[in-house]
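Spelled out from the first residue to the last, the chains are:
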Amino acid sequence: MPAARDRRAPNPRGDRPAGRPPARRKPPGRASGGRSVRRRVMLWTGGVLACVLLAAGGGAYYLYDRLGGNLQSIDVGDAANGGSLKDGPINVLLLGTDKRTGKGNEGYGDRRNSTGHADTTLLLHVSEDRTNATALSIPRDLKVDLPDCPTKQSDGSVKVVPGQLDVRFNESLGVAGRDPGCTMRTVKAMTGVPVDHFMMADFNAFKELTTAIGGVDVCLAKPIKDDAYSQLDLGKGPHTVQGEQALAFVRNRHGLGNESDLDRIKMQQQFIASMIRKMKDEILGSPTTMLDVAEAATKALTVDRGIGTIPKLTGFAKELGKIDVKNVTFTTLPVKDNPAERIKATVVLDETKAPQVFGMLRDDVSFTEVKKKQKQRAADAKSKQAALLKGARAAASEVRVDVYNGSDTPGAAQNTLGWLQNTKGVLKSSNRSNAPEKTARTHLVYGPNQADQARTLADYLGLPAAGLKPKAADAAAMEPMVLTLGADFKGPGVPIKAADKAPDGVQRVEADKKICAQ
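Residues numbered from 1 in each chain as written. Predicted model: local features only at pLDDT ≥ 70, side-chain atom pairs only at ≥ 80, totals over all residues. Heavy atoms only, no water.

Enquirer: Give a detailed account of the environment of Asp 452, specifying residues and quantitative values.
Expert: Examined against the element boundaries, Asp 452 turns out to sit in helix α12 (residues 451–461). Since its relative accessible area comes to 26%, Asp 452 is described here as partly exposed. Sequence spacing of Asp 452 and Val 399 is 53 residues, and the spatial spacing of their C-alpha atoms is 8.6 Å. Not counting residues up to four positions away in its chain, the partners in contact with Asp 452 are Ala 392, Arg 393 and Ala 394. (Helix = DSSP H or I, 4+ residues; strand = E, 2+ residues; numbered from the N terminus. Buried < 20%, exposed > 50% of the residue type's maximum accessible area, 1.4 Å probe, protein only. Contact = heavy atoms within 4.5 Å.)

Enquirer: Could you give me a rundown of the state of the cysteines, with the residues and numbers involved?
Expert: Here the structure, examined in full by the defined rule, presents one disulfide. Two residues share a disulfide in this structure: Cys 149 and Cys 182, whose sulfurs sit 2.1 Å from each other. Of note, the bridge from Cys 149 to Cys 182 carries an S-S torsion of about -90° and is left-handed in sense. Residue Cys 149 is found in strand β6 (residues 149–152), and its partner Cys 182 is found in helix α3 (residues 180–191); the two are separated by 33 residues along the sequence. (Disulfide = S-S within 2.5 Å.)

Enquirer: Which residues make up the packing of helix α11 (residues 412–424) against α12, and what values do they have?
Expert: Axis separation between α11 and α12 bottoms out at 12 Å; the angle between their running directions is 100°. Between α11 and α12, the angle is such that the two are roughly perpendicular. In this structure, α11 contributes Trp 419, Leu 420 and Lys 424 to the contact, and α12 contributes Leu 457, Tyr 460 and Leu 461. In the contact of α11 with α12, the residues fall into five nonpolar, no polar and one charged. (Axes fitted to C-alpha atoms, helices over the stretch in contact; angles between N-to-C directions. Parallel < 35°, antiparallel > 145°, perpendicular 65-115°, else oblique. Nonpolar A, V, L, I, M, F, W, Y, C, P; charged D, E, K, R; others polar.)

Enquirer: Quick rundown of the packing of aromatic side chains? Include the residues and the values.
Expert: Within the structure shown, the criterion is met by one aromatic pair. On the basis of an interplanar angle of 40° and a centroid distance of 5.9 Å, the ring pair of Phe 249 and Phe 271 is categorised as tilted. Placement of the pair is Phe 249 in helix α5 (residues 243–251) and Phe 271 in helix α6 (residues 261–281), with a sequence separation of 22 residues. Neither Phe 249 nor Phe 271 differs from the other in exposure class; each is buried. (Phe/Tyr/Trp six-rings, centres within 6.5 Å; stacked < 30°, edge-to-face > 60°.)

Enquirer: For the pairing of strand β3 (residues 118–126), give the residues involved together with the corresponding values.
Expert: Burial within β3 is extensive, with nine of its nine residues counted as buried. In the sheet, strand β2 (residues 90–97) pairs with β3 via eight bridges, with the strands oriented antiparallel. Along β3, the bridge assignment pairs Ile 90 with Val 126. Sheet analysis places β3 next to strand β4 (residues 133–138), joined by six bridges and oriented antiparallel. Bridge pairing links Leu 124 to Ala 135 in β4. Taking the residues that link successive antiparallel strands as the turn, the β3-β4 hairpin has six residues, and the phi of Arg 130 there is positive, at about 60°. (Pairing = 2+ DSSP bridges.)

Enquirer: How would you sum up the pattern of salt bridges? Please name residues and give values.
Expert: This structure, assessed with the given rule, holds 19 salt bridges. Between Lys 152 and Asp 75 there is a salt bridge, with the nearest N and O atoms lying 2.8 Å from each other. Taken together, the positions of Lys 152 in strand β6 and Asp 75 in the loop between β1 (72–74) and β2 put the pair 77 residues apart, joining distant regions of the chain. Of the residues examined, Lys 152 reaches a relative accessible area of 40% and is grouped as partly exposed. Note that Glu 319 is salt-bridged to Lys 322, the shortest N-O span being 3.2 Å. A relative accessible area of 6% places Glu 319 in the buried class. The class of Lys 322 is exposed, set by a relative accessible area of 52%. A single salt-bridge network, built from bridges that share partners, covers Asp 75, Lys 152 and Arg 305. (Salt bridge = Lys/Arg side-chain N within 4 Å of Asp/Glu carboxyl O.)

Enquirer: How would you summarise the sheet that holds strand β19 (residues 428–434) if you had to cite specific residues and measurements?
Expert: Ordered by their spatial adjacency, five strands build an open sheet running β19-β18-β22-β20-β21, and the pairing between neighbours is mixed. Every interior strand has two partners, whereas the edge strands, β19 and β21 (468–470), have only one. Across the sheet, the mean angle separating the axes of adjacent strands is 20° when strand polarity is ignored. Across five bridges, the pairing between strand β18 (residues 400–405) and strand β22 (residues 481–485) is parallel. Residue pairing for β22: Asn 405 is matched across the bridge by Leu 485.

Enquirer: Report on the side chain of Ser 407, specifying residues and quantitative values.
Expert: Considering the arrangement of structural elements, one finds Ser 407 in the loop between β18 and α11. Of the residues examined, Ser 407 reaches a relative accessible area of 6% and is grouped as buried. In this structure the side chain of Ser 407 is engaged in a polar contact, spanning 2.7 Å, whose partner is the side chain of Asn 405. Filtering out sequence-adjacent residues up to four positions away, Ser 407 remains in contact with Ala 412, Lys 438, Leu 485, Gly 486 and Ala 487. (Polar contact = N/O pair within 3.5 Å; in protein donor to acceptor, adjacent residues only side chain to side chain.)

Here you go:
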């Protein structure tokens, strides 16, 4: 985990909440900032998630016409993977922007950017068998590379926003004309997880939603009084918060742990978990309250066109409704302090743990203990691997392979080449240097007529079944297989194992657990 440092980076816009005192000066040697409450002002996505859970009860069908007019949709082109909402796993990006909207919100949000930034972001993964779901929080101050992004203009034309290297994740939306599709592309490039849809809302919906459901139960391990920033003033123990007070709760980071954004994310996750419990336990049985909640949420909800109608949104909600709350897990992307900074204001991916988390999402591995599913998964994986590896093996002298480095480890391809040639006798191997793009998982691409060579190489590398990628057509004569080393590659001869559980130390909040924020 990152060290105990203040992550409040300097505020480039220099604005502060209207009618509130200016922030106190920070002592030298600490990152300045915190002068504006625009930063991650609340967990709008809690309202989005609660909204779709709401419809799972089936009582909102008669409201299609009434609620449909509230929804707004954006065409993000092929940034949305699409696909069926009924079959296979579903990955939805939940976005909360720092856009200021609504009466009474003049003191919040981004004053100079009408679109807003990706201020709060969760990647929601719903398992293929609907037994579990994982919501992965992505810190807004994570340094990432933004890919080129085609965006649809109002006249129907397409404008490509050029990519940028080493910028904050929150700039994937709202800066230089980037739309939610740009954030989706950024997440896919970083994680390797195909993003099917997005849902986006501003924080005004959050206040209205928490009021509509009669408040959300929260708990503090110690009292918090933050007059200078969030205005949160709550004693130790349980509370029910709504509206402005709920907004202050999820905005606040002062008095928590290291007072960093990562601490605030944990507080937000606990809040959403409590909201989900209330939606499932109390709200679904009250048609009047359901209507108020649905009105509040859909009025501020923007989605991609693939789920841009109430029937489609409700279809997704019904899939979510199949999941037991105890199998809904919130976790935070593993990160560490940015080593390039003297004053720690941003974070970078944890190169060991982050690829394991990404692999779990791609491979549809639960973050909760769904025992029956895990036993079946283990049996299926063993059977699949046995089938791929069953058959003849080529001699080492017959194995042809080109090795590419798709990891962050310098020299990985050359080291592997030397190991294959000098230790295993695979002399028909070549180092092709860096792969066209980074990859999280090591994989071997081969033709069906090279299966015997692939088995031999898989034996040498300890490559799991998920890493074997047979092509549809046979390889040409003398054509080599292609081995791309990913972030999971630990060194020549070290078996590459697919993740079957979350790495140690990864922060998690389980939706059915009632805990007090530390």
